[in-house]
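In case you want the letters, here they are:
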Amino acid sequence: MTYGFETLAIHAGQKPEPRTGAVVPPIFQTSTYAQDGVGAPREGYEYSRSGNPTRDALQQCLAALEAGHTALAFASGLAAEDTLLRTVCQPGDHVVIPDDAYGGTYRLFARVAQRWGVSWTAAKVSDVDAVRAAIEPGRTKLVWLETPTNPLLGIADIAALATVAHDAGARLVVDNTFASPYLQQPLVLGADVVVHSTTKYVGGHSDVVGGALVTADAELGAELAYHQNAMGAINGPFDAWLTLRGVKTLGVRMDRHCDNAERVAEFLTRHKAVAQVLYPGLPDHPGHETAAKQMRRFGGMVSFRATGGEAHAVEICNRTKVFVLAESLGGVESLIEHPGRMTHASAAGSPLEVPADLVRLSVGIETVDDLLADLAQALG
Ligand SMILES: Cc1ncc(COP(=O)(O)O)c(C=O)c1O
């Protein structure tokens, strides 16, 4: 029997606990487990880096939500990315990365992986031909996408790029953090691995840092699990419990994020202080049609460019009262930031540098009229 998304979010991996019937999976805050005899651990649990029932519950739920076979929960999104990179790549290999991506992802490839002999090329992922041209057949092991991209909200065609990657013998990785599995399921569209910063929409309450990898390929899932244990960047039991608590409401939260973001984007398009609004839900966004094809709705992230340049963008960020000036995204509260000086500062001077007049909004689920009034006063 197949269940709908919201049913899976609430029940997958979360059967009542067998001893007491506790409806919510308990926090198994333990490092180790008593064994019934040498070589006879109970239900395979021997040490919490290798396995923990609270983490398992989250992993099973995430696998179900992304229509995958294996999900693994990590200490952060970047820990998940690093584990994937070191499982699949060796010195001499090459990866294609987006020319618009989270600054920390860029830093991982350009400042860390490169030192270990993994080279990279940045490509415009909204342009299928540009990605194909960036691939070095035989050397390219991964084609890495974000869609929507952070922070310019570009859209990549997942199904088309899966074919391009596979034709060249590479795997397609999709960072699904901005969309969440409620809005987009990359594995169903042909991707090999989904990456999440569960810190964002999946957790949803800005109270926990975490990451995940999900794959439909059982063999690759086993290799990733081996490396997760060997490298050790696991999600702790309390963090897994908090994330699982957040994930139960992902569907209803995302619908409200989308409702509010659509109103905010529409409001910004009419404002004199705004030069350009970047939101894939707007019909004139270059990726609108592709987004409509592969996403349920268009998400809660909206970026815009201020008419008065960098100083103006910074001033707007400093002036909001309901939108909190902070890094991160995807929580119930609205956030505002200046990517050039905050989340994407590490990409300065690189092909991934972001425009200085850019403001990024993570539109929360507050009363939308309060959000519009706050932006109106901050824009002046
Ligand atoms: C799209 C995207 N991917 C990955 C990450 C990294 O995740 P974390 O901060 O949980 O390590 C972030 C963080 O902002 C992000 O926005």
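Residues numbered from 1 in each chain as written. Predicted model: local features only at pLDDT ≥ 70, side-chain atom pairs only at ≥ 80, totals over all residues. Heavy atoms only, no water.

As annotated in an unreviewed UniProt entry, the protein chain is Cystathionine gamma-synthase from Polymorphospora lycopeni. UniProt, in the comment section headed Cofactor (unreviewed entry), describes the protein chain in these words: "pyridoxal 5'-phosphate". (UniProt positions renumbered as here; feature names shortened; annotations may be inferred.)

K.L.:
Looking at this structure, how should I read the pattern of salt bridges?
P.N.:
Applying the stated criterion to the full structure yields 15 salt bridges. Glu315 is the partner of Arg319 in a salt bridge, and the nearest nitrogen-oxygen pair spans 2.3 Å. Pair noted here: Arg319 and Glu315 are both in helix 12 (residues 309–319), with a separation of four residues, about one helical turn. (Salt bridge = Lys/Arg side-chain N within 4 Å of Asp/Glu carboxyl O. Helix = DSSP H or I, 4+ residues; strand = E, 2+ residues; numbered from the N terminus.)

K.L.:
Whenever I open this one, the nonpolar core confuses me. Can you help?
P.N.:
Counting residues in hydrophobic clusters, the biggest one holds 60 residues, and the most contacted among them are Leu268, Val277, Tyr279, Val302, Phe304, Leu361 and Leu379. When sequence neighbours within four positions are dropped, the list of residues in contact with Val302 reads Leu153, Ala261, Ala265, Leu268, Val277, Leu278, Tyr279, Val359, Arg360, Leu361 and Val363. Counting residues in each nonpolar core, the second largest holds 28 residues, with Val173, Val193, Val195 and Leu220 among its members. (Core = buried A, V, L, I, M, F, W, Y, C linked by side-chain atoms within 4.5 Å. Buried < 20%, exposed > 50% of the residue type's maximum accessible area, 1.4 Å probe, protein only. Contact = heavy atoms within 4.5 Å.)

K.L.:
Explanation requested: the sheet that holds strand 11 (residues 335–337) in the structure shown.
P.N.:
Sheets are built from strands that pair by backbone hydrogen bonding, the pairs being arranged parallel or antiparallel. Taking strand neighbours across the sheet as the criterion, the five strands line up as 8-9-12-11-10 in an open arrangement whose pairing is mixed. At either margin of the open sheet sits one strand with a lone partner, and together these are strand 8 (274–278) and strand 10 (324–325). (Pairing = 2+ DSSP bridges.)

K.L.:
I would appreciate a short explanation of the site of the ligand in the present structure.
P.N.:
Among the 14 residues in the neighbourhood of the ligand, the closest are listed as Gly77, Asp175, Ser197, Thr199 and Lys200. One of the side-chain nitrogen or oxygen atoms of Asp175 is found 2.6 Å away from a nitrogen atom of the ligand. Of the residues that constitute the shell around the ligand, the class distribution is three nonpolar, seven polar and four charged. (Near = heavy atom within 4 Å. Polar contact = N/O pair within 3.5 Å; in protein donor to acceptor, adjacent residues only side chain to side chain. Nonpolar A, V, L, I, M, F, W, Y, C, P; charged D, E, K, R; others polar.)

K.L.:
I keep staring at the pairing of strand 2 (residues 94–98) and nothing clicks. Help me out?
P.N.:
Consecutive side chains of a regular strand alternate in pointing toward one face of the sheet and then the other. Judged by how many residues are buried, strand 2 sits mostly within the fold: five of five residues are covered. In strand 2, alternate side chains face the same way, and those of His94, Val96 and Pro98 on one face and Val95 and Ile97 on the other are all buried. With five bridges joining them, strand 2 and strand 3 (residues 119–123) adopt parallel strand pairing. Its bridge partner being in strand 3, His94 is matched across the sheet by Ser119. For the crossover that starts at strand 2, traverses helix 4 (residues 103–112) and ends in the parallel strand 3, the hand is right-handed. (Right-handed = clockwise from strand over helix to strand, strands pointing away.)

K.L.:
I'm lost on the pairing of strand 5 (residues 171–175) in this one. Help?
P.N.:
Along strand 5, four of the five residues are buried, which leaves the element largely enclosed by surrounding structure. Where strand 5 lies against strand 6 (residues 193–197), three bridges are found, and the strand directions are parallel. In the strand pairing of strand 6, Asp175 is matched with Val195.

K.L.:
Explain the layout of surface pockets here, please?
P.N.:
It is the rolling of a water-molecule-sized probe over the atoms that shows where space remains empty. For the largest pocket, the calculated volume is near 830 Å³. Lining the largest pocket are 24 residues; nearest its centre among them are Pro18, Phe28, Glu43, Tyr45 and Pro53. If you add up the space inside the second largest pocket, you get close to 570 Å³. Lining the second largest pocket are 28 residues, with Leu152, Leu153, Gly154, His285 and Pro286 positioned closest to its centre. For the lining of the second largest pocket, the element with the most residues is strand 8, which contributes five residues. Among the residues making up the lining of the second largest pocket, the classes are represented as 14 nonpolar, eight polar and six charged. (1 Å grid on protein atoms, 1.4 Å probe; cavity = no way out; pocket = protein on both sides within 12 Å on 5 of 7 lines; lining within 4 Å. Points joined across faces, edges and corners; volume = space filled by probe spheres on them.)

K.L.:
Can you walk me through helix 3 (residues 77–88) in this structure?
P.N.:
Since the α-helix packs 3.6 residues into each turn, any two residues three or four apart lie on the same face. For helix 3, with twelve residues, the first-to-last C-alpha span of 17 Å sits near the 16 Å given by 1.5 Å per residue. Across the twelve residues of helix 3, ten count as buried, placing the element largely inside the fold. (Expected span 1.5 Å × (residues − 1).)

K.L.:
Teacher, can you tell me more about helix 9 (residues 237–247) here?
P.N.:
For helix 9, the complete set of buried residues consists of Pro237, Ala240, Leu242, Thr243, Leu244, Gly246 and Val247. Against helix 1 (5–11), helix 2 (53–65) and helix 10 (250–269) lie the buried residues of helix 9.

K.L.:
How do you make sense of the side chain of His94 when you look at a structure like this?
P.N.:
Note on placement: His94 falls in strand 2. A polar side-chain atom of His94 sits 2.7 Å from a polar atom in the side chain of Thr121. Those residues in contact with His94 that lie beyond four places of it in its chain are Ser119, Trp120, Thr121, Ala134, Glu136, Arg139, Thr140, Lys141 and Leu142.

K.L.:
Help me understand the packing of aromatic side chains, please; the structure alone is not making it clear to me.
P.N.:
Aromatic rings in a pair are described by how distant their centres are and how their planes are angled relative to each other. The full count for this structure, using the stated rule, is five aromatic pairs. For the ring pair Tyr33 and Tyr45, a centre distance of 5.4 Å and an interplane angle of 35 degrees mean the geometry is tilted. With a gap of twelve residues between them, Tyr33 in the loop between helix 1 and helix 2 and Tyr45 in the loop between helix 1 and helix 2 connect regions that are remote in the sequence. Centre to centre, the rings of Tyr106 and Trp120 are 5.5 Å apart; their planes meet at 90 degrees, and the pair counts as edge-to-face. Pair noted here: Tyr106 is in helix 4 and Trp120 is in strand 3, with a separation of 14 residues, a long-range link. By the burial criterion, Tyr106 is buried, and Trp120 matches it. The ring of Tyr102 has Lys200 lying over it, and the distance from NZ or CZ to the ring centre is 6.0 Å. Taking NZ or CZ as reference, Arg296 lies 3.8 Å from the ring centre of Tyr182, over its face. (Phe/Tyr/Trp six-rings, centres within 6.5 Å; stacked < 30°, edge-to-face > 60°. Lys NZ or Arg CZ within 6 Å of the ring centre and 35° of its normal.)

K.L.:
In this structure, what is going on with the side chain of His196? I would like to understand it.
P.N.:
When you line up the elements, His196 lands in strand 6. Overall, His196 belongs to the buried group, its relative accessible area being 2%. For His196, the side chain forms a polar contact with the side chain of Glu66, separated by 2.7 Å. Other than its neighbours up to four places away in sequence, His196 contacts Glu66, Gly77, Asn176, Thr177, Ser180, Pro181, Val202, Gly210, Gly211 and Ala212.

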